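A structural walkthrough
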Amino acid sequence: MTFSAAAASSPGSATRNKLDRKTVERNRRIHMKGLCLCLTSLVPPHYFSPSRELLSQQAQLDHTAAYIKELKARIDELQVKKQLLTPMSSDSHMSSPASTSFIVPVVDLRELGSSNIEVVVISGLAKNFRLCDVISVLQDEGTDVISVNVSSVGDRVFHTLHAQVKVCRVGVDITRVWQRFQELMPLAYLCEDA
């Protein structure tokens, strides 16, 4: 029998090993709890239906996983939009300037919290929609337009509108606003000549 085998068989070392395992396990749990807290802190607070503090750790992780899946779907959707909006490199040198400046407007609508809405309209240089129509839809649906930013990148023009709900208790039906924008955008072809 060697010295280490004799030391391992003594009654004091068994208790020490048991305590060491308990300490290691406690430290592991504390570390995992800290990591879970860090992960859930990255999720916006309005995403949790009851307050984050009222949910169990498992429920917080479930909400976080759902939020990550939602972000992944949003990234995939935006990549598809980007591919649709980005002209093919082989076609770009053959197309005329008139054909590249006319782009069917694309509308992106996001709810920021419970009382704010962001609308992004992407169009071509030949502005083929009326911004006043977009503002009218937002006002008709119970919001006040707070700011409008316009920027151009290449042959694209980005119109970003921020709106705030007039009456928070009543709110805004986002799906109805989206449907009205979809009805409005086919009319954009008529604005090209105006």
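Right above here is the structure, for reference.
Keep in mind it's a predicted model, so treat the numbers as computed, not measured.

**Notes on the overall build of the protein chain**
Scanning the protein chain from N- to C-terminus turns up eight helices and four strands. Taken from N to C terminus, the helices and strands of the protein chain fall in the order α-α-α-α-α-β-β-α-β-β-α-α. Burial statistics for the protein chain: of 194 residues in total, 27% are counted as buried. Counting every atom, the protein chain has about 13300 Å² of accessible surface; 60% of that belongs to carbon and sulfur.

**With respect to the nonpolar core**
Ranked by size, the top nonpolar core spans 18 residues in total, and within it Leu109, Val119, Val134, Leu138, Val177 and Phe181 carry the most contacts. Of all the elements in the fold, those that place two or more residues in this core are strand 1 (106–112), strand 2 (116–124), helix 6 (131–140), strand 4 (156–165) and helix 7 (174–184). Excluding residues that lie within four positions of it along the chain, Leu109 makes contacts with Ile117, Glu118, Val119, Ile174, Val177, Trp178 and Phe181. Ranked by size, the runner-up nonpolar core spans five residues in total, among them Val43, Phe48, Leu55 and Tyr67.

**Here we look at the sheet that holds strand 3 (residues 143–153)**
The strand order across the open sheet formed by four strands is 1-2-4-3, and the pairing between neighbours is antiparallel. Of all the strands in the sheet, the pair left with one neighbour each is strand 1 and strand 3. Ignoring strand direction, the axes of neighbouring strands in this sheet form an average angle of 15°. As paired elements, strand 1 and strand 2 share seven bridges and run antiparallel to each other. Across the sheet, residue Leu112 finds its bridge partner in strand 2, namely Asn116.

**Structural notes on helix 6**
Burial in helix 6 covers these residues: Leu131, Asp133, Val134, Val137 and Leu138. Down the axis of helix 6, the buried set is contained in an arc of 165°. They therefore lie on one face. At the C-terminal side of helix 6, Gly142 shows a positive phi close to 95°.

**Thoughts on the pattern of salt bridges**
Tallied over the entire structure, the rule returns 13 salt bridges. Taking the shortest distance from any N to any O, the salt bridge between Arg110 and Asp108 comes out at 3.9 Å. Its salt-bridge partner being Arg176, residue Glu141 comes within 2.9 Å of it at the nearest N-O pair. Here Arg176 lies in helix 7 and Glu141 lies in the loop between helix 6 and strand 3, a separation of 35 residues in the sequence. Owing to a relative accessible area of 13%, Glu141 belongs among the buried residues under this scheme.

Rules and cut-offs
- Residues numbered from 1 in each chain as written.
- Predicted model: local features only at pLDDT ≥ 70, side-chain atom pairs only at ≥ 80, totals over all residues.
- Heavy atoms only, no water.
- Helix = DSSP H or I, 4+ residues; strand = E, 2+ residues; numbered from the N terminus.
- Buried < 20%, exposed > 50% of the residue type's maximum accessible area, 1.4 Å probe, protein only.
- Areas by Shrake-Rupley, 256 points an atom, 1.4 Å probe, with all protein chains shown as cover.
- Core = buried A, V, L, I, M, F, W, Y, C linked by side-chain atoms within 4.5 Å.
- Contact = heavy atoms within 4.5 Å.
- Pairing = 2+ DSSP bridges.
- Axes fitted to C-alpha atoms, helices over the stretch in contact; angles between N-to-C directions.
- Arc of directions from axis to C-beta.
- Salt bridge = Lys/Arg side-chain N within 4 Å of Asp/Glu carboxyl O.

Geometric values such as these leave the question of function open.
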